[in-house]
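This is what each chain is made of:
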Amino acid sequence: MNNPPVTTQWIDVPSSDGSFGAYLALPPAGRGPGLLLLQEIFGVNEHIRGVAEQYALAGFVVTAPDLFWRKGARIELGYEGDDRQRADRLMSTIQTEAVVRDMQATLATLRTRPECSGKVGAIGYCMGGRLAYTAAALCDVDAAVAYYGGRIQDQLHLAAQINCPIQFHYGERDDHIPLSAVEAVREAVVDKDAEIHVYAGAQHGFNCWSRASYSPASAALAHGRSLAFLAQQLF
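Nothing here was measured: the structure is a model prediction, and the numbers come from that model.

Please clarify how helix H5 (residues 179-188) should be interpreted in this entry.
For the α-helix, the turn length of 3.6 residues means that residues three or four positions removed from each other point alike. Within the span of H5, buried status applies to Ala-181, Val-182 and Val-185. Mapping the buried residues of H5 onto a view down its axis gives an arc of 105 degrees, with all of them on the same face. Seen from the open side of H5, the exposed residues pointing more than 90 degrees away from its buried face are Ser-180 and Glu-187. Where the residues of H5 are buried, they touch strand S7 (166-171) and strand S8 (194-199).

Have a look at this one:
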């Protein structure tokens with residue numbers, strides 16, 4: 001059997017708060033620009049690991065930190081029922097200052113790996129979308145992509161601190177993020193190198209193939225735009 005084109009492993013990330021895990025996916029060439037992948041509220045689950053491998057296949061060195069590590073290592077949750085309720089509880093415990101430290105520690109580890117060729121970006125989904133926006137403002141990334149980041153409209157003060165290109169993806173029918181919030185974000189980044197894309201008929205989580213709200217057409221279009229954007233900014 002041939003070796004898979006993408007190799008993966010869990011690595012340890014040292015930080016001032018303690019060591020935590022991160023899922024690393026390496027590209028077929030073995031080297032490439034770095035990509036910090038920020039999870040949804042459901043942990044570094046099968047879907048997020050699949051996204052890591054998807055971007056690794058495109059040439060990126062992808063690292064997805066376990067942001068719930070303070071509550072338990074490698075928590076993986078589904079999207080309905082008790083898992084959804086637990087995910088909501090975990091999200092409510094997230095402290096921005098601690099997560100920023102985790103992102104900075106992960107970026108430091110990513111940059112020191114021999115596989116990372118230089119520039120590093122951030123991409124995130126749902127909670128991770130908001131954190132990708134936060135990383136663009138508070139962490140030293142070269143580009144950021146935010147998918148349906150909830151409550152970004154409540155953190156518009158961070159927009160002034162963004163100094164890298166950033167791309168946003170929203171669903172037109174997102175029941176968590178009204179179009180008025182999207183317009184507030186658009187206004188806040190009007191003087192930045194920013195793109196905002198809204199997908200007709202798409203709901204929250206439209207990129208996730210494990211959700212009922214998955215929209216293959218919107219996901220494919222958004223993924224193509226994300227790849228083109230990250231390739232232009234990072235390679």
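Mind showing me how you'd approach the pairing of strand S6 (residues 143-147) here?
Walk down a regular strand and you will see the side chains alternate between the two sheet faces. Extensive coverage of S6 is indicated by the burial of five of its five residues. The alternating pattern of S6 places Ala-143, Val-145 and Tyr-147 and Ala-144 and Ala-146 on opposite faces, both of which are buried. Strand direction decides the pairing type here: strand S5 (residues 116-125) and S6, joined by five bridges, are parallel. Across the sheet, residue Gly-124 finds its bridge partner in S6, namely Ala-146. Following the backbone out of S5, through helix H4 (residues 127-138) and into the adjacent parallel S6, one traces a crossover that is right-handed. When S6 meets S7, the two strands line up parallel, connected through four bridges. Residue pairing for S7: Ala-144 is matched across the bridge by Ile-166.

Whenever I open this one, unusual backbone geometry confuses me. Can you help?
With the exception of glycine, most residues fall at negative phi, and the peptide bonds are largely trans. With a phi close to 30 degrees, Tyr-148 is a non-glycine residue in the positive phi region. Residue position: Tyr-148 is located in the loop between S6 and S7. You will see that Arg-151, though not glycine, has its phi angle at about 70 degrees, which is positive. With respect to the secondary-structure elements, Arg-151 resides in the loop between S6 and S7. Among the residues examined, Arg-151 registers a relative accessible area of 42% and is labelled partly exposed.

It is not clear to me how the pairing of S7 should be interpreted in this structure. Could you clarify?
Within S7, six of the six residues are buried, which leaves the element mostly enclosed by the surrounding structure. Of the two faces of S7, the one holding Ile-166, Phe-168 and Tyr-170 and the one holding Gln-167, His-169 and Gly-171 are both buried throughout. Pairing of S7 with S8, which is carried by six bridges, proceeds in the parallel orientation. Residue pairing for S8: Tyr-170 is matched across the bridge by Val-198. At this point the chain moves from S7, through H5, to the parallel S8, and the crossover so formed is right-handed.

Which parts of the structure should I look at to understand the state of the cysteines?
Going through the model one piece at a time under the given rule, you end up with zero disulfides. No disulfide involves Cys-139; its sulfur sits 10 Å from the nearest other cysteine sulfur, which is in Cys-164. The class for Cys-139 is buried, based on a relative accessible area of 6%. With no disulfide of its own, Cys-208 has Cys-126 as its nearest cysteine by sulfur position, at a separation of 9.8 Å.

Reading the values: rules and limits
Residues numbered from 1 in each chain as written. Predicted model: local features only at pLDDT ≥ 70, side-chain atom pairs only at ≥ 80, totals over all residues. Heavy atoms only, no water. Buried < 20%, exposed > 50% of the residue type's maximum accessible area, 1.4 Å probe, protein only. Helix = DSSP H or I, 4+ residues; strand = E, 2+ residues; numbered from the N terminus. Arc of directions from axis to C-beta. Contact = heavy atoms within 4.5 Å. Pairing = 2+ DSSP bridges. Right-handed = clockwise from strand over helix to strand, strands pointing away. Disulfide = S-S within 2.5 Å.

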